[in-house]
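# Structure assessment
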Amino acid sequence: MIKVIKVEDYQQVSEEAFKVMKEVVANNPKAVLGLATGSSPIGLYKLMIADHNENGTSYKDITTFNLDEYVGLPVEHPESYYSFMHRNLFDHIDINEENIHIPSSLGDDLQKNCDDYNAAMADWQVDIQLLGIGSDGHIGFNEPGTPFDSVTHITDLKESTIVDNARFFDNDISKVPTQAITMGISNVMSAKKILMVANGKNKAQAIFDTINGPVTEEVPASILQKHNDVVIIVDREAAALLD
Ligand code: GLP
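Residues numbered from 1 in each chain as written. Predicted model: local features only at pLDDT ≥ 70, side-chain atom pairs only at ≥ 80, totals over all residues. Heavy atoms only, no water.

## Brief notes about the overall build of the protein
To keep things clear, this is the line we draw: Numbering of helices and strands starts at the N terminus; helices are DSSP runs of H or I of at least 4 residues and strands are runs of E of at least 2. When we talk radius of gyration, it's over C-alpha atoms, and the globule rule is simply 2.2 Å times the number of residues to the 0.38. Throughout, exposure labels follow a simple rule: accessible area from a 1.4 Å probe, protein chains only, divided by the maximum for the residue type, with under 20% read as buried, over 50% as exposed, and the rest as partly exposed. Only heavy atoms matter for contacts: two residues are in contact if any of them lie within 4.5 Å across the pair. Shrake-Rupley sampling with a 1.4 Å probe provides the accessible areas, and residues are treated as covered by the protein chains on show and by no other component. Positive charges are assigned to Lys and Arg, negative charges to Asp and Glu, while His and the chain termini are left out of the count. Where a charge lies is defined by one atom per residue type, namely NZ (Lys), CZ (Arg), CG (Asp) and CD (Glu).
What the protein contains, in helices and strands, is seven helices and ten strands. Taking 18 Å as the expected radius of gyration for a compact globule of 243 residues, we find that the protein reaches 17 Å, a close match to that expectation. With the principal axes as the frame, the protein shows a C-alpha extent of 45 × 40 × 35 Å. Residues classed as buried in the protein amount to 56% of the 243 residues present. Of the contacts made within the protein by residues no fewer than 6 positions apart, 78% connect residues no fewer than 24 positions apart. Put simply, the protein shows about 10,600 Å² of open surface, and 50% of that area lies on carbon and sulfur atoms. Of the side-chain charges in the protein, 18 are positive and 37 negative, and the distance between the mean point of each set is 7 Å.

Printed below as a string of C-alpha cells:
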C-alpha cells in the first residue's frame, strides 16, 4: 500500500522524510537502513546530521546498505556513490565504517561483487529503504525493463539517465559512466518499509506512473504498489499530475 504525502517544496519533502526515518532509528538503534544517492535525499541527510549533532541520535549500531554504485569510477572520484555517501552523510555521523555496505565496482570480477552483495544482504532485514526516482521511473539503477525478480546485478544506464546525471559530471555526457552495479528490484522490495522522496517537475510523470499506472517492468517503481508499507513524499511540482 502506498501512502502519498504531498507538500509544498523540497525543504518540506526533506522534513517529512526525516520524521519517517527518525522514527525507525529512534525505535531501533540497531536498525538496518537502505540508503540512496542522487540529489533528492541530500536534504534528508542534512537533517539526520543536524539531529545527530543536536540531539545525539546515534548511528553506532546502525547498519546500512546502499542501492548502487557506478562502474568505472575509482572510489575516491567525487561522484562515486562511495564518495557521495561519505561526503553527504557518513563522515558527519558516528556510524561504524564496517557497518556500511556499498556495492563495489572494484576488481575485474563484477559478477562476484554482485553475488557477494546479495549474500551480505541475505544476512540482514532492511528496516527502511530510502529511494529517489529516475525521470524514467528507475529505482536504484533498475532501468525500465529490469525484471521485478532481479537481485544485485550489473546494468547499462539508459541514455535518459546518462543525460539526467551529466549535471554531476561537468554537464559532459561523455564523462558519465555507462554502467552501474545496482541492488535488484527484489532486494528493494524485501525491505520492511520503503520511503521514496521526489521533487521537481522532471519527476511528475514518473510519480504519476508509479502511483496510478499499471504495475509494469517498463516503470520499475510501479512495483511499489505491491509492497505493504510505502511512503512517497512529493513536492507540488512532482505531484502535479496526481489528482
Ligand atoms: C540516480 C540514482 C537513483 C536516483 C536517481 C534520481 O540514477 N541511481 O538512485 O534516485 O538518480 O536522482 P536525483 O535524486 O538526483 O534526481
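## Details of the nonpolar core
Note the threshold: Take the buried residues of types Ala, Val, Leu, Ile, Met, Phe, Trp, Tyr and Cys, join any two whose side-chain atoms come within 4.5 Å, and each joined set is a nonpolar core.
Counting 74 residues, the largest nonpolar core has L33 and I207 as its most contacted members. Residue contacts for I207: discarding those within four places in its chain leaves I133, M196, A198, I232, V234, A238 and L242.

## Some words on helix α1 (residues 10-27)
Rules: Helices are assigned an expected span. That span is 1.5 Å times one less than the residue count.
For α1, which comprises 18 residues, the first-to-last C-alpha distance of 26 Å matches the rise-based estimate of 26 Å (1.5 Å per residue) to within 8%. Regarding α1, the residues found buried are V13, S14, A17, F18, V20, M21, V24 and V25. Elements that come into contact with the buried residues of α1 comprise β2 (32-35), α2 (42-55), β6 (128-131), β9 (193-198) and β10 (230-234).

## Topic: the site of the ligand
The condition that has to hold: We define proximity as follows: a residue is near a molecule or strand when any one of its heavy atoms falls within 4 Å of that partner. Two N or O atoms form a polar contact when they lie within 3.5 Å of each other; inside protein one atom must be a possible hydrogen donor and the other a possible acceptor, and for residues adjacent in sequence the pair counts only when both atoms belong to side chains. Gly is put with the polar residues, along with every residue not named as nonpolar or charged; the nonpolar set is Ala, Val, Leu, Ile, Met, Phe, Trp, Tyr, Cys and Pro, and the charged set is Asp, Glu, Lys and Arg.
Of all residues adjacent to the ligand, which total 13 residues, the nearest are S39, S40, D68, R167 and K203. In the environment of the ligand, an oxygen atom lies 3.3 Å from a nitrogen or oxygen atom belonging to the backbone of I133. In the model, an oxygen atom of the ligand is placed 2.6 Å from a nitrogen or oxygen of the K203 side chain. For the ligand, whose free accessible area comes to 390 Å², the fraction covered by protein is 95%. For the shell around the ligand, the per-class residue count stands at three nonpolar, seven polar and three charged.

## A look at the sheet that holds strand β7 (residues 153-156)
Test applied: Following DSSP output, two strands are said to pair if at least two bridges run between them. Axis geometry follows a simple rule: fit a line to the C-alpha atoms, using only the stretch in contact for helices, then measure angles between N-to-C directions, giving values from 0 to 180 degrees.
One open sheet accounts for three strands, arranged β4-β8-β7; its pairing is antiparallel. Each end of this open sheet is capped by a strand with a single partner; those strands are β4 (68-70) and β7. Strand-to-strand twist across the sheet, computed as the mean angle between neighbouring axes with direction ignored, equals 25°. For β7 and strand β8 (residues 179-182), the ladder comprises four bridges, and the chain directions are antiparallel. Bridge pairing links T155 to A180 in β8. Most of the contacts of helix α4 (residues 110-122) go to β7, to which it runs at about 125°, and overall it touches β7 and β8.

## Overview of helix α3 (residues 81-88)
Across the eight residues of α3, six count as buried, placing the element largely inside the fold. Close packing links the buried residues of α3 with β2, α2, β3 (63-66), β4, β5 (100-101) and α5 (159-165).

## A word on the packing of α2 against α3
For clarity, the threshold we go by: We call two directions roughly parallel when the angle between them is under 35 degrees, roughly antiparallel when it is over 145, roughly perpendicular when it lies between 65 and 115, and oblique otherwise.
The N-to-C vectors of α2 and α3 enclose an angle of 40°; their axes lie 10 Å apart at closest approach. In this view, α2 runs oblique relative to α3, as classed from their interaxial angle. Facing I42, Y45 and I49 of α2, the residues of α3 in contact are F84, M85 and N88.

## Digging into the sheet that holds β3
Paired through their backbone hydrogen bonds, the strands of a sheet run either parallel or antiparallel. Taken together, the seven strands give an open sheet; going across it, the order is β1-β10-β9-β6-β2-β3-β5, and neighbouring strands pair in parallel fashion. Every other strand in the sheet has two partners, leaving β1 (2-6) and β5 as the edge strands with one partner each. Relative to β10, β1 runs parallel, the two sharing five bridges. Opposite K3, over in β10, you have V231 as the bridge partner. This element, α1, spans β1, β2, β6, β9 and β10 of the sheet and lies at about 160° to β9. Relative to β10, helix α7 (residues 204-212) is tilted by about 155°, and along the sheet it contacts β1, β9 and β10.

## Some words on the side chain of E79
Heads up, the rule is: Any Lys or Arg side-chain nitrogen located within 4 Å of an Asp or Glu carboxyl oxygen qualifies as a salt bridge.
Note on placement: E79 falls in the loop between β4 and α3. It turns out E79 is buried and unbridged, and the closest side chain with the opposite charge, R87, is 4.3 Å from it. The residues contacting E79, other than those within four sequence positions of it, are Y70, L73, R87, F168 and F169.

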